[in-house]
Amino acid sequence: QVQLVESGGGLVQAGASLRLSCAASGRAFSSYNMGWFRQAPGKEREFVAAIWWKGSVTVYADSVKGRFTISKDNAKNTVDLQMNSLKPDDTAVYYCAAARTWGNRNTEPKAYDYWGQGTQVTVSS
């Protein structure tokens, strides 16, 4: 069992940066692959970024590539999402998720076993 708690969301202007953090508790966090997803009102939950359990492999959605960076600290049991050059389209609730497996499906919500409650990110124009 893994419990996930996101923090760091807020209201910012376009072009600003935010750093989201996900704190994990529970056994064997270091062995989990982690992902960030987001969901805007009226839209489906969409993939943002994922990181292999050792941290050496990352995957990004095209919409955030070059602007967002995912990182994992197994010593601190955290996974962060650094978001730069934010746009109004980035406005959403951001969720942290943990998956036991790694593969092509790690861009899909159904690949993940545990989810946090989410943190709101609002980007004004």
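Just so you know, these numbers come straight off a predicted model, no measurement behind them.

A.B. asks: What is the right way to look at the side chain of R67 in this model?
C.D. replies: Along the polypeptide, R67 turns up in the loop between β6 (58-60) and β7 (68-73). Within the structure, R67 has its side chain in polar contact with the backbone oxygen of S63 (distance 2.9 Å). In this structure the side chain of R67 is engaged in a polar contact, spanning 2.8 Å, whose partner is the side chain of D90. Once you skip the residues sitting within four places of it in the chain, R67 turns out to touch Q82, M83, N84, S85, L86, K87 and D90.

A.B. asks: Hey, could you run me through the pattern of salt bridges in this one?
C.D. replies: Opposite charge on two side chains permits pairing when their charged atoms draw close. All chains considered together, the criterion is met by eight salt bridges. Put simply, R67 and D90 hold a salt bridge, and the shortest N to O gap is 2.8 Å. Pair noted here: R67 is in the loop between β6 and β7 and D90 is in the loop between β8 (78-83) and β9 (92-99), with a separation of 23 residues, a long-range link. There is no split in this pair, since R67 and D90 are both buried.

A.B. asks: Help me understand the side chain of N33 in this model?
C.D. replies: Assignment of secondary structure puts N33 in strand β4 (residues 33-39). Taking the relative accessible area as the measure of exposure, N33 reaches 2% and is therefore buried. Dropping the residues within four chain positions of it, N33 is found in contact with I51, W52, W53, A97, A98, A99, R100, T101, W102, N106 and Y112.

A.B. asks: Looking at this structure, I do not really get the pairing of β8. What am I missing?
C.D. replies: Residues in a regular strand project their side chains so that they alternate between the two faces of the sheet. For β8, a buried count of six out of six residues is recorded, marking the element as mostly surrounded by other parts of the structure. A two-sided burial pattern is seen for β8, the buried positions comprising T78, D80 and Q82 on one face and V79, L81 and M83 on the other. Where β7 and β8 come together, six bridges link them in antiparallel fashion. Bridging across to β8, D73 finds its partner in T78.

A.B. asks: What is the right way to read the packing of aromatic side chains from this model?
C.D. replies: A ring pair, where both rings are aromatic, is described by two values, the distance of the centres and the angle of the planes. Under the criterion given, the structure shown has seven aromatic pairs. One cation-aromatic arrangement involves R45 over W115; the distance from NZ or CZ to the ring centre is 4.8 Å. Geometry around F29 places K72 over its ring, the cationic atom sitting 4.6 Å from the centre.

A.B. asks: Could you clarify how one ought to interpret the nonpolar core in this entry?
C.D. replies: One broad trend across soluble globular proteins is that nonpolar side chains are buried collectively. Grouped together as the largest cluster of nonpolar side chains are 38 residues, with contacts concentrated most on L4, M34, W36, L81, M83 and Y94. Sorting the residues of this core by element identifies β1 (2-7), β3 (18-26), β4, β5 (46-51), β7, β8, β9 and β11 (119-124) as the ones contributing at least two each. Other than its neighbours up to four places away in sequence, L4 contacts C22, A23, A24, M34, C96, A97, A98, Y114, W115, G116 and Q117.

A.B. asks: Is there a simple way to think about the pairing of β3 in this case?
C.D. replies: One ladder, built from six bridges, connects β1 with β3; its direction is antiparallel. Residue pairing in the sheet places E6 in a bridge with C22 of β3. Where β3 meets β8, six bridges bridge the pair, whose relative direction is antiparallel. Of the residues in β8, the one forming a bridge with S21 is D80.

A.B. asks: Would you take a moment to explain unusual backbone geometry for this structure?
C.D. replies: Trans peptide bonds make up most of the peptide bonds, and negative phi angles are found at most residues other than glycine. Despite not being glycine, N77 has its phi angle at roughly 60°, a positive value. For N77, the position within the fold is in the loop between β7 and β8. Here N77 falls in the partly exposed class, since its relative accessible area comes to 21%. One non-glycine residue, S85, lies in positive phi territory at about 50°. Relative to the helices and strands, S85 resides in the loop between β8 and β9. Look at S85 and you get partly exposed, because its relative accessible area is 41%.

Thresholds applied
- Residues numbered from 1 in each chain as written.
- Predicted model: local features only at pLDDT ≥ 70, side-chain atom pairs only at ≥ 80, totals over all residues.
- Heavy atoms only, no water.
- Helix = DSSP H or I, 4+ residues; strand = E, 2+ residues; numbered from the N terminus.
- Polar contact = N/O pair within 3.5 Å; in protein donor to acceptor, adjacent residues only side chain to side chain.
- Contact = heavy atoms within 4.5 Å.
- Salt bridge = Lys/Arg side-chain N within 4 Å of Asp/Glu carboxyl O.
- Buried < 20%, exposed > 50% of the residue type's maximum accessible area, 1.4 Å probe, protein only.
- Pairing = 2+ DSSP bridges.
- Phe/Tyr/Trp six-rings, centres within 6.5 Å; stacked < 30°, edge-to-face > 60°.
- Lys NZ or Arg CZ within 6 Å of the ring centre and 35° of its normal.
- Core = buried A, V, L, I, M, F, W, Y, C linked by side-chain atoms within 4.5 Å.

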